[in-house]
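Coordinates in review
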Amino acid sequence: MRVLIVGGGGREHVLAWKIRQSPLVTRLLCAPGNAGTAEVAENVAVADGDIEGLVALCRTESVDLAVIGPEVPLAAGLADRLRGGGVKVFGPGAAGARLESSKAHAKRLMQRYLIPTGSSRTFQDFEDVANYLEAQQHYPVVLKADGLAAGKGVVLPESLDEALAAAREMLEGGRFGDAGRTLLVEEYLRGEEVSVLALTDGKTLAVMEPAQDHKRIYDGDRGPNTGGMGAYSPPPVANAKFLADVEREVLVRIVHALAREHVEYRGVVYAGLMATRGGARVIEFNCRFGDPEAQAIIPRLRSDIVPLLDACAIGRLNQVEDLEWDPRPAVCVVMASGGYPASSHKGDVITGLDEVREMDDVHVFHAGTARQGGDVVTAGGRVLGVTALGDDIAAARDRAYAAVEKIRFDGMQFRRDIASRALGR
Ligand code: AMP
Ligand code: GLY
């Protein structure tokens, strides 16, 4: 089978690493990939947003199965285009991707199909939202841009003044561009966040092991939101009851909802959840693997991933075996470049990668990296995800940080408290 992975981040490197291990794969391409995917796949210089270029690539290279990593090409309808050309695709079409690309749409589905989530209202007009905010008694409130904003479209104002300023910036100041022209005001949920992802062919689903992301840039969950500074799997807060509730009340219902709404959804449904005292509540849905959750979850998957992705793509997920998991936990620490998340720094030489290669149960997944002569250099905000497995979370964490200590580049930033919630319990 000839497989193409679309994307060039850490999620795509872990997918490439896992897909490469399948005996079913004869050729593996990654567009555009990074310095890490180049070690396990053939990188092709086509951007993940270049829909025409990707359609042409699948044709010239006779790609059998395309696995689309990021949300932007999914929302742009890449999966529809490729399917139209006869390629099997893991990833929803534009209609399915609206689950992530419009938070207002996702909320409507959740309300219609009784999926537990915080209450919310949608606004397009500043006067309307101002009136609504003035009547709010409890702060913080949650303001969200409706559209895609790379994980940065949420603000949590602590006061009416802050809320009004943020709402004005989104609706009238063009912050988040078109994505912010519709605004959601949502109930603030308290608790621990958990990500639960399921593979689906739109009819049945297979739930993956849960993970916990760390969205803020600094230790102790301080500073601005990022795409994710680390993840671990499984988080203790996601106990058996929690997971059973999430499967029944969230994942089964959303797959059913999509089918009822005539959406053929083949890929990942990612439920971003808050474990509140009243049970699991959906914060958001994503239409793809999480990044860096994938770097903590996929190394624990023992099953060959290719038959799973293929079964989703062709609507036969009911015919594959249950997923098999390594019981050992995994911890992934993200190393980011100087200036992230406001900016990023390119061209800094990364050292220590060869030394880490010698370590057992450690995998370095590249995100923003590139080759420059004989060196691997930084080429984006999030640079590396260093994943380790261990007999327990503490052992996995210690091993991941032992690897991180060997890696160096100018301006590097990483959190020192990944997985500490699990250990502080
Ligand atoms: P989102 O882009 O919807 O995942 O939101 C980004 C982050 O904002 C989440 O990971 C949460 O930390 C926070 N957040 C979003 N919605 C809520 C909410 N309703 N209550 C509390 N925190 C939230
Ligand atoms: N790590 C959060 C996300 O992938 O959306």
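Please refer to the structure higher up on the page.
Residues numbered from 1 in each chain as written. Chains lettered and ligands numbered in written order. Predicted model: local features only at pLDDT ≥ 70, side-chain atom pairs only at ≥ 80, totals over all residues. Heavy atoms only, no water.

**Comments concerning the overall build of the protein chain**
Each helix and strand in the protein chain was counted, giving 14 helices and 23 strands. Each principal axis of the C-alpha atoms in the protein chain carries an extent, and together these give about 60 × 45 × 40 Å. Taking the intrachain contacts of the protein chain between residues at least 6 apart in sequence as the baseline, contacts between residues at least 24 apart amount to 68%. Total accessible area computed for the protein chain in this model is approximately 17300 Å², and 46% of it derives from carbon and sulfur atoms. Side-chain charges of the protein chain comprise 49 positive and 58 negative groups, with the mean position of each set lying 3 Å from the other. (Helix = DSSP H or I, 4+ residues; strand = E, 2+ residues; numbered from the N terminus. Contact = heavy atoms within 4.5 Å. Areas by Shrake-Rupley, 256 points an atom, 1.4 Å probe, with all protein chains shown as cover. Lys, Arg positive; Asp, Glu negative; His and termini not counted. Charge placed at Lys NZ, Arg CZ, Asp CG, Glu CD.)

**What to know about helix α2 (residues 51-60)**
Restricting attention to buried positions, one finds in α2 the residues I51, G53, L54, V55, L57 and C58. Residues of α2 that are buried in the fold lie against β1 (2-7), β2 (27-32), α3 (71-75) and α4 (78-84). (Buried < 20%, exposed > 50% of the residue type's maximum accessible area, 1.4 Å probe, protein only.)

**Digging into the layout of surface pockets**
In this structure, the second largest pocket spans a volume of roughly 430 Å³. Lining the second largest pocket are 22 residues; nearest its centre among them are E39, L353, R357, V364 and H366. Mapped by element, the contributors of at least two residues to the lining of the second largest pocket are α1 (10-20), β19 (349-350), α12 (353-357), β20 (362-366) and β22 (375-378). For the lining of the second largest pocket, the per-class residue count stands at 11 nonpolar, six polar and five charged. (1 Å grid on protein atoms, 1.4 Å probe; cavity = no way out; pocket = protein on both sides within 12 Å on 5 of 7 lines; lining within 4 Å. Points joined across faces, edges and corners; volume = space filled by probe spheres on them. Nonpolar A, V, L, I, M, F, W, Y, C, P; charged D, E, K, R; others polar.)

**Observations concerning the environment of K203**
Structurally, K203 is set in the loop between β10 (192-200) and β11 (205-207). In this structure K203 comes out as exposed when scored by relative accessible area, which is 59%. With 90 residues separating them along the chain, K203 and Y113 place their C-alpha atoms 16 Å apart. Setting aside residues no more than four positions away along its own chain, K203 makes contact with V255 and G315. One polar contact links the side chain of K203 to the main-chain carbonyl oxygen of G315, over a distance of 2.9 Å. (Polar contact = N/O pair within 3.5 Å; in protein donor to acceptor, adjacent residues only side chain to side chain.)

**Examining the side chain of N286**
Relative to the assigned elements, N286 resides in strand β17 (residues 279-286). A polar contact is formed between the side chain of N286 and the side chain of E284, at a distance of 3.3 Å. Other than its neighbours up to four places away in sequence, N286 contacts E100, Y265, V268, V269 and Y270.

**Here's the deal with the site of ligand 1**
Taken together, 14 residues lie around ligand 1, and E186, E187, L189, E193 and E284 are the ones closest in. Contact distances for ligand 1 include 3.1 Å between a nitrogen atom and a side-chain N or O atom of K144. In the complex, the protein chains occlude 93% of the 470 Å² of accessible area that ligand 1 would expose alone. Looking at the shell around ligand 1, the elements that each hand over two or more residues are β7 (142-145) and β17. Across the shell around ligand 1, the residue classes tally to six nonpolar, one polar and seven charged. (Near = heavy atom within 4 Å.)

**Some words on the sheet that holds β2**
For sheets, the rule is that strands pair by backbone hydrogen bonds, running either parallel or antiparallel. Here five strands make up an open sheet; going across it, the order is β3-β2-β1-β4-β5 and the pairing parallel. Each end of this open sheet is capped by a strand with a single partner; those strands are β3 (42-43) and β5 (88-90). With six bridges joining them, β1 and β2 adopt parallel strand pairing. From the neighbouring strand, I5 faces β2, where its bridge partner is C30. Docked against the sheet, α1 engages β1, β2 and β4 (65-68), running at close to 170° with respect to β1. (Pairing = 2+ DSSP bridges. Axes fitted to C-alpha atoms, helices over the stretch in contact; angles between N-to-C directions.)

**Let's talk about the sheet that holds β22**
One open sheet accounts for three strands, arranged β19-β22-β21; its pairing is antiparallel. Only two strands of the sheet have a single neighbouring strand rather than two, namely β19 and β21 (369-372). Where β19 lies against β22, two bridges are found, and the strand directions are antiparallel. Along β22, the bridge assignment pairs V349 with V377.

**Details of the site of ligand 2**
Taken together, the neighbourhood of ligand 2 is formed by D213, G227, Y270, N286, R288, G290, D291, P292 and E293. In this structure, G227 approaches ligand 2 through a main-chain N or O atom, which is 3.2 Å from a nitrogen atom. Interatomic distance of 2.8 Å between a side-chain N/O atom of E293 and a nitrogen atom of ligand 2. Coverage of ligand 2 by the protein amounts to 91% of the 200 Å² it exposes when considered alone. Its residues assigned to classes, the shell around ligand 2 shows two nonpolar, three polar and four charged.

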